[in-house]
Amino acid sequence: MIPQQQKHEGITPQLFVKNMLSTERYISTDVLADRMINEDPVLLLVDTRTTEAFQKFSLPNAVNVPLSQFFDEELNAYLDQEVYDVVLFSNDNFTADEAWLIGNRMGYQRLYVLDGGINAWFETIIKPKLPKETMSREAYELYSFRKAAGKFFGVANDTLEIEVKVKKAPVSKKVVTKPKKKKKMPEGGC
Amino acid sequence: MKELEKTRRISISAVLFLLVIVIGLLTFKKPEFNFINSSDKTLEFVNNHSHVMSLADFQKLDADSYLLIDVRSNFDYSKGHMGHAVNIPKSQLLDPESKKIIETAVSSEKPLIVYGENPETANAACLLLYQLGYNELKLLSIRSYYESKEFHIATIEMEKPLYDFAQTMKTESIQPVKKIAPKTKPIPKKKKVIPQPKKKKKMPEGGC
């Protein structure tokens, strides 16, 4: 009886299931961008991908803790703590979720998972899609937020403004061409 | 006489004390579920990625040689599921009934194969089962969904980048946010202090 009890490292299976079923751990890219822009001091981004992938590209200010080195003493200090809101991310949220599950087992606090990972980050913040005309005002507000957030993270003014200009151009040209010719005629008469 | 009474009292209290211990031991219930595989072992299991099984590999197996577990809800299961699949919703993995089903499969040396709405949700169930001590485990890398009154499954590749991130950042001249970085970079320094600060901070406050 007693040895089995001692093996019981971390939380109980019941609590593990309870935490596992909750979706509170997921944090959306929009919420994350908002917190990054406001320079939330308790936010800590942790990249769970390999070191190679991390060196090629990662989110701003992220720390690399490859999943394989989860229990490395130095790196584990980023996870086993109670000061920061640690947001785990990977390309999508598969690896990050695995890291979260292991952290959950150990009873680590304040771990979160970026919903959709870097793929979602690119699709929402870096390359947001223009909402359709039939979509609600909230969708447009979200879009303009994402656009603004994108600018903060270095995206140049691109696609949206080009589309708008193309629409306006033909209308203004028609008006410009007609009046000039008419005005010249009466001037010559005088 | 007084000494006799004292010895009686002591012996009675000793007997009572022993009784309490015996009753305690007899009524002690073993917790039904224990984590058997340690976190280190689980991490190794996860890093091998040997537990992820593609749909093509799965279809090569004989139908009798495994136990296929559908970890979606009862409702989703009733709308449609893969053939031979047994429904054990994630929330009921620790029920005695589910344990029976799993144990019978394990005793006949059948591997457990888990699937759900998507690999992420199924993986949570998969890792739970692994930590409970079921080593012969596979995770189907499929997405299942219900569309036009039919149940569908599609293979899905996990951790596949949709873009070449570094390349798109270059070609679209998105400057990596070096400007912002230095402001918040001192994070690592703070972290070394993390385990200690709460207790240490309280001490000087009291001193003041």
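Residues numbered from 1 in each chain as written. Chains lettered and ligands numbered in written order. Predicted model: local features only at pLDDT ≥ 70, side-chain atom pairs only at ≥ 80, totals over all residues.

### Comments concerning the nonpolar core
Soluble globular proteins tend to pack their nonpolar side chains together in the buried interior.
Now for step 1: By size, the foremost hydrophobic cluster in this structure holds 59 residues, and its most contacted members are Val 86, Val 87 and Leu 88 of chain A together with Val 114 and Ala 125 of chain B.
Now for step 2: The leading source of residues in this core is helix H6 (residues 119-131) of chain B, at eight residues.
Now for step 3: The contact partners of Val 86 of chain A, leaving out residues within four places of it in the chain, are Leu 44, Val 46, Tyr 78, Leu 79, Arg 110, Leu 111 and Tyr 112 of chain A. (Core = buried A, V, L, I, M, F, W, Y, C linked by C-beta atoms within 7 Å. Buried ≥ 20, exposed ≤ 12 C-beta atoms within 10 Å, placed from the backbone. Helix = DSSP H or I, 4+ residues; strand = E, 2+ residues; numbered from the N terminus. Contact = placed C-beta atoms within 7 Å.)

### Thoughts on unusual backbone geometry
Now for step 1: At Arg 110 of chain A, a position not held by glycine, the phi torsion is positive, near 60°.
Now for step 2: Inspection of the secondary structure assignment puts Arg 110 of chain A in the loop between helix H6 (94-106) and strand E5 (111-114).
Now for step 3: Among the residues examined, Arg 110 of chain A registers 15 C-beta atoms within 10 Å and is labelled partly exposed.
Now for step 4: One non-glycine residue with positive phi stands out, namely His 84 of chain B, at about 70°.
Now for step 5: With respect to the helices, strands and loops of the structure, His 84 of chain B is situated in the loop between helix H4 (74-79) and strand E3 (86-87).

### Let's talk about the confidence of the model for chain A
Note that predicted coordinates carrying low pLDDT should not be read in detail.
Now for step 1: Mean pLDDT over chain A stands at 82; residues scoring 70 or higher make up 78%.
Now for step 2: For residues 160-166 of chain A, every residue scores under 50 in pLDDT, and the model assigns this stretch two contacts once sequence neighbours within four places are set aside. (pLDDT = per-residue confidence, 0-100.)

### Observations regarding the sheet that holds strand E3 (residues 63-64) of chain A
Residues and elements named next belong to chain A.
Now for step 1: Spatial strand order, E1-E5-E4-E2-E3: five strands in an open sheet with parallel pairing. With one partner strand each, in any of the chains shown, strand E1 (26-27) and E3 form the two edges of the open sheet.
Now for step 2: Sheet topology note: the strand E4 (residues 85-89)/E5 ladder contains three bridges and is parallel. Bridge assignment links Val 86 to a residue of E5, and that residue is Leu 111.
Now for step 3: Packing of H6 onto the sheet brings it into contact with E4 and E5, and relative to E5 it is tilted by some 165°. (Pairing = 2+ DSSP bridges. Axes fitted to C-alpha atoms, helices over the stretch in contact; angles between N-to-C directions.)

### Let's talk about the pairing of strand E2 (residues 43-47) of chain A
Residue and element names in this part refer to chain A.
Now for step 1: Counting buried positions along E2 yields four of five residues, so the element is predominantly enclosed.
Now for step 2: Summarising the sheet, E2 and E4 pair through five bridges and their orientation is parallel. By the bridge assignment, Leu 45 is partnered in E4 with Val 87.
Now for step 3: Inspection of the sheet shows E2 paired to E3 by two bridges, in the parallel sense.

### Here's the deal with helix H7 (residues 117-126) of chain A
Now for step 1: Buried residues dominate H7 of chain A, accounting for eight of its 10 residues.
Now for step 2: For H7 of chain A, the full list of buried residues reads Gly 117, Ile 118, Asn 119, Ala 120, Phe 122, Thr 124, Ile 125 and Ile 126 of chain A.
Now for step 3: Where the residues of H7 of chain A are buried, they touch helix H3 (29-37), E4, H6, E5 and helix H8 (137-152) of chain A together with helix H7 (165-171) of chain B.

### Thoughts on the packing of H7 of chain A against H8 of chain A
Describing two packed helices takes the angle between their axes plus the distance from one axis to the other.
All names here are of chain A.
Now for step 1: At a minimum axis separation of 8 Å, H7 and H8 run at an interaxial angle of 105°. Classified by the interaxial angle, the pair formed by H7 and H8 is roughly perpendicular. Judged by residue contacts, Thr 124, Ile 125 and Ile 126 of H7 engage Arg 146, Ala 149 and Gly 150 from H8.
Now for step 2: Grouping the amino acids of the contact of H7 with H8 by side-chain chemistry returns three nonpolar, two polar and one charged. (Parallel < 35°, antiparallel > 145°, perpendicular 65-115°, else oblique. Nonpolar A, V, L, I, M, F, W, Y, C, P; charged D, E, K, R; others polar.)

### Regarding the interface of chain A and chain B
Now for step 1: The interface is formed by 46 residues belonging to chain A together with 47 residues belonging to chain B.
Now for step 2: Of all elements in the fold, only helix H1 (2-7), helix H2 (13-21), helix H5 (73-79), H6 and H7 of chain A reach the threshold of two or more residues within the side of chain A that touches chain B.
Now for step 3: Among the elements that take part in the side of chain A that touches chain B, H6 of chain A stands out by supplying eight residues, more than any other.
Now for step 4: Among the residues making up the side of chain A that touches chain B, the classes are represented as 25 nonpolar, 13 polar and eight charged.

### A closer look at the confidence of the model for chain B
All names here are of chain B.
Now for step 1: Averaged over every residue, the pLDDT of chain B is 83; residues scoring 70 or more account for 84%.
Now for step 2: Confidence drops under a pLDDT of 50 for residues 181-191, and excluding neighbours within four residues, the segment shows nine contacts in the predicted structure.
Now for step 3: Here the predicted complex carries an ipTM of 0.76, next to a pTM of 0.77.

### Comments concerning the sheet that holds E3 of chain B
Residue and element names in this part refer to chain B.
Now for step 1: Here five strands make up an open sheet; going across it, the order is E1-E5-E4-E2-E3 and the pairing parallel. With partners counted over all chains shown, the strands left at the sheet margins are strand E1 (52-53) and E3, one partner each.
Now for step 2: Its contacts with the sheet put H6 on strand E4 (112-115) and strand E5 (137-140), and the angle it makes with E5 is roughly 175°.

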